Each structure stands twice: as structure tokens, then as C-alpha cells.
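# Examining the three-dimensional arrangement
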Amino acid sequence: MATQTMGENTGIKIRNKGVLLFGILLFVIGLALTLYEKVETYYVPFYGNVSVSRGYPYQGAGLGLIFVGAAFIALGFLYPQKTTPQPQPQQTEKTGLQDQGFLRKCVKCGTPIPLASEECPSCGASQKTE
Ligand SMILES: [Zn+2]
């Protein structure tokens, strides 16, 4: 098996990397906000620092960001990127046609033969068109 180009054969095609990364960023921020626990530390004389949890004040906003981020991630997978020009396989097809432009078909048997050929290498028929 020939070695494939890395990342091209994963089965999942990421259409828009920018949107996808933005979604991941929102998702991570949302996760951090959701998990952020507000802890207040008090200094108690003769005892030291005492930490008191005040709960998760940004949990609602964090969950919202997670949903929005997930939506952007989905968008990144579904929608094509408009700004980045993609490599066009048509160009290679065109060069292939140009290569075929140096060939013509035998007037007798139809085998592709070089333009300069005067005789068909397959059937030996003369290719003079005059
Ligand atoms: Zn021929």
C-alpha cells in the first residue's frame, strides 16, 4: 500500500477550519465557565484562610456557549470555506487533455497514435489525410 497524504484520508472532511476552530474556542470557554466555581477566601484570625464556595455563577452562560460552540463546530464540518481557493482537479484533467492533443486516432482502426506518425503502429494503415 502506498503511503497516503496525512490528513487526507481520515474519512471526515472538515469544510471550514476557521469556523470549526471558532466553535471549539467557544466550546472550551463555555466549558471553563460552566466548571468555574466561585470560591471566596476569608482570613480568619487565629485560624488562617477559609475558602467558601459560592457555587457556579457562570454555569448558565457557560452552557449557552457550549451549545453555540457546538453549532459552530457543526457548521465547520458542513459548510465549505469560501475564502481559501481549493485545489481544482479540473486542471490536471485539462493537462491530461492537452497531452491527448498530441495524439490522434488512426483513420482505420481508431487507435490513438502520435500526430507525427505516418503509419498506425497498430494496424499499419497510412495516416496521410491529403
Ligand atoms: Zn490503425
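Up top is the structure.
Presented here is a report on the structure given in the accompanying data block. (Residues numbered from 1 in each chain as written. Predicted model: local features only at pLDDT ≥ 70, side-chain atom pairs only at ≥ 80, totals over all residues.)

## Some remarks on the overall build of the protein chain
Broken down by element type, the protein chain carries 3 helices and 4 strands. When the helices and strands of the protein chain are listed from N to C terminus, the series reads α-β-β-α-α-β-β. Counting across all 130 residues of the protein chain, residues that qualify as buried make up 8%. Within the protein chain, contacts between residues separated by at least 24 positions form 49% of all contacts whose residues are at least 6 apart in sequence. (Helix = DSSP H or I, 4+ residues; strand = E, 2+ residues; numbered from the N terminus. Buried ≥ 20, exposed ≤ 12 C-beta atoms within 10 Å, placed from the backbone. Contact = placed C-beta atoms within 7 Å.)

## Some points on the packing of helix H1 (residues 17-35) against helix H2 (residues 59-78)
Here H1 crosses H2 at 160°, and the two axes come no closer than 7 Å. Put simply, H1 runs roughly antiparallel to H2. Like other packed secondary-structure pairs, H1 and H2 cross with a definite hand, here left-handed. (Axes fitted to C-alpha atoms, helices over the stretch in contact; angles between N-to-C directions. Parallel < 35°, antiparallel > 145°, perpendicular 65-115°, else oblique. Left-handed = near helix turned anticlockwise from the far one by under 90°.)

## Some remarks on the pairing of strand S1 (residues 39-44)
The element S1 is barely covered by neighbouring structure, given that only 0 of its 6 residues are classed as buried. Bridge count between S1 and strand S2 (residues 48-53): 6 bridges; the pairing is antiparallel. Pairing of Glu 40 across the sheet is with Val 52, part of S2. Counting the residues that bridge the hairpin from S1 to S2 gives 3 residues, and of these Phe 46 lies at a positive phi of roughly 65°. (Pairing = 2+ DSSP bridges.)

## A short note on H1
One turn of the α-helix equals 3.6 residues, which is why residues spaced by three or four share an orientation. Taking 1.5 Å per residue, 19 residues should reach 27 Å; H1 reaches 27 Å between its end C-alpha atoms and fits that length. Of all the positions in H1, only Val 19, Gly 23, Leu 26 and Gly 30 are classed as buried. With its buried residues spanning 65° around the axis, H1 presents them on a single face. Exposed residues on H1 whose side chains face more than 90 degrees from its buried face are Lys 17, Gly 18, Ala 32 and Leu 35. Of the surrounding elements, those touching the buried residues of H1 are H2. (Expected span 1.5 Å × (residues − 1). Arc of directions from axis to C-beta.)

## Topic: the environment of Leu 103
Mapped onto the elements of the fold, Leu 103 is located in strand S3 (residues 103-105). Beyond its immediate sequence surroundings of up to four residues, Leu 103 is in contact with Pro 112, Ile 113, Pro 114 and Leu 115.

## Notes on the environment of Phe 72
Tracing the backbone shows Phe 72 in helix H2. Separated by 46 residues in sequence, Phe 72 and Leu 26 place their C-alpha atoms 8.5 Å apart. Excluding anything up to four places from it in sequence, Phe 72 contacts Val 19, Phe 22, Gly 23 and Leu 26.

## Considerations on H2
Taking 1.5 Å per residue, 20 residues should reach 28 Å; H2 reaches 29 Å between its end C-alpha atoms and fits that length. Turning to H2, the residues buried within the fold contact H1.

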